[in-house]
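An overview of the molecular structure
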Amino acid sequence: MDSILQRSITNEKHQGIFLNDVITGLSKPQKKLHSKYFYDEKGDKLFQKIMEMPEYYLTDCEMDIFKNKTSELSEYMIDGNPFDLIELGAGDALKSTYLLKYLTAAKINFTYMPIDISGNILSVLDRNLKKELPDLDIKLLEGDYFKMLQHVMDGSDRRKILLFLGGNIGNMDVTEAYRFCRELYSKLKKGDLLITGFDLKKNPHTILNAYNDVRGLTASFNLNLLARINRELDADFDISKFQHYQNYDPISGACKSYLVSLVNQTVNVSEHQFLFNEHELIDMEISQKYEQKDIDALASKSGFKIIGQIADSKNWFVDSVWQA
Ligand code: AVI
């Protein structure tokens, strides 16, 4: 099939899933939109700006680990045999590039396999890495994490090391995180590794400030999803009639964002109509914060053994190393 036709069929399929998820989410008694849809072109740019804000400490913390504790991290990986290093949702791979440089300089035999849903991001990454690390063995995997992982597992017997960085696990509630880890475990072989970044509970003000920034970038990041729905799904949200609200519960560790309807209003999405009461909320995103006992429970419930953990210098974030 010609690739333009193939791409337009794939786009149509994605739009169908997007529409279905939006309709299902807005039809629930507690209206909900999925934060995975934040990342269109504008959303990517806003997230980039969020990562550069001084209040948003997560990126710096994990960068500290990958930049300054690379040898400690790589000790868990190197056992004398070649391996596949698979990064789930690699994006620009800014943090993992430190690790790739370290392993390449040490002449370790491995293949880097970034998985991302965006082919565009992968080709930019490929171009940058080829410039920086011309000897790196790299295989791009465009698509769904689990489908791509299965494809890799079927492809070779080499040991697999998965990276799931950036606190992305926090964008799942605890039950979803368990299901996700369990599914990863079911795909891996004994001895394979999963390295996950967890944002830790800390002073609640520090956490709330990271998600409730005074410049309003997080607010725009949330509201942008309504603009995306308007554009892509033939909807008529009046963005000025919704307001971002952020909340952090230091006991459960759930940092949650909502959009509040400022008036009674009706919104059309394709042929569907949704009524919003004044003050009604749309549940937008969870960024779950962990403490050690939660990480221990998640690992053991999903079948993994924790074999190591590396924290940043402030002890705000950890990369936890689990073995299947
Ligand atoms: C991508 N993810 C880990 C970010 C987080 O911290 O939950 C997304 C984000 N939402 C608001 N600010 C950043």
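For the structure, check the block above.
Residues numbered from 1 in each chain as written. Predicted model: local features only at pLDDT ≥ 70, side-chain atom pairs only at ≥ 80, totals over all residues. Heavy atoms only, no water.

**Notes on the environment of Gln309**
Heads up, the condition is: Under the DSSP-based scheme used, a helix requires at least four consecutive residues in state H or I and a strand at least two consecutive residues in state E, with every element numbered from the N terminus. Relative accessible area decides the class of each residue, using a 1.4 Å probe on protein chains only: under 20% of the type maximum gives buried, over 50% gives exposed, and in between gives partly exposed. The term polar contact refers here to a pair of N or O atoms within 3.5 Å; inside protein, the definition further demands a hydrogen-donor-capable atom paired with an acceptor-capable atom, and it admits residues adjacent in sequence only when both atoms are side-chain atoms.
Assignment of secondary structure puts Gln309 in strand β11 (residues 305–311). Classification of Gln309 as partly exposed rests on a relative accessible area of 25%. As a C-alpha pair, Gln309 and Gly197 span 112 residues in sequence and 9.7 Å in three-dimensional space. Only 2.5 Å separates the side chain of Gln309 from the side chain of Gln292, close enough to count as a polar contact. In terms of polar contacts, Gln309 uses its side chain to reach the side chain of Ser320, at 2.6 Å.

**Considerations on the nonpolar core**
Heads up, the condition is: The nonpolar core is taken to be a set of buried Ala, Val, Leu, Ile, Met, Phe, Trp, Tyr and Cys residues, with the residues joined through side-chain atoms within 4.5 Å. Any two residues having at least one pair of non-hydrogen atoms within 4.5 Å are treated as being in contact.
Judged by nonpolar contacts, the single largest core of 63 residues is most densely connected at Met77, Leu85, Tyr112, Ile229, Phe237 and Val269. Contact partners of Val269, with chain neighbours within four places excluded, come to Leu19, Val22, Ile23, Leu26, Ile229, Leu233, Asp234, Ala235, Phe237 and Phe274. Judged by nonpolar contacts, the second largest core, of 31 residues, contains Leu141, Ala311, Val318 and Trp322.

**Describing the pairing of strand β2 (residues 110–116)**
Quick reminder of the rule: Pairing between two strands requires that DSSP report at least two bridges joining them. By the criterion used throughout, a crossover qualifies as right-handed when its path from the first strand across the helix to the second strand runs clockwise, the strands pointing away from the viewer.
Of all seven residues that make up β2, seven are buried, and the element is covered over most of its length. Of the two faces of β2, the one lined by Phe110, Tyr112, Pro114 and Asp116 and the one lined by Thr111, Met113 and Ile115 are each fully buried. Here strand β1 (residues 83–88) pairs with β2 via six bridges, running parallel. By the bridge assignment for β2, Glu87 is matched with Pro114. Once the chain exits β1 it traverses helix α5 (residues 94–105) before rejoining the sheet at β2, and the crossover so formed is right-handed.

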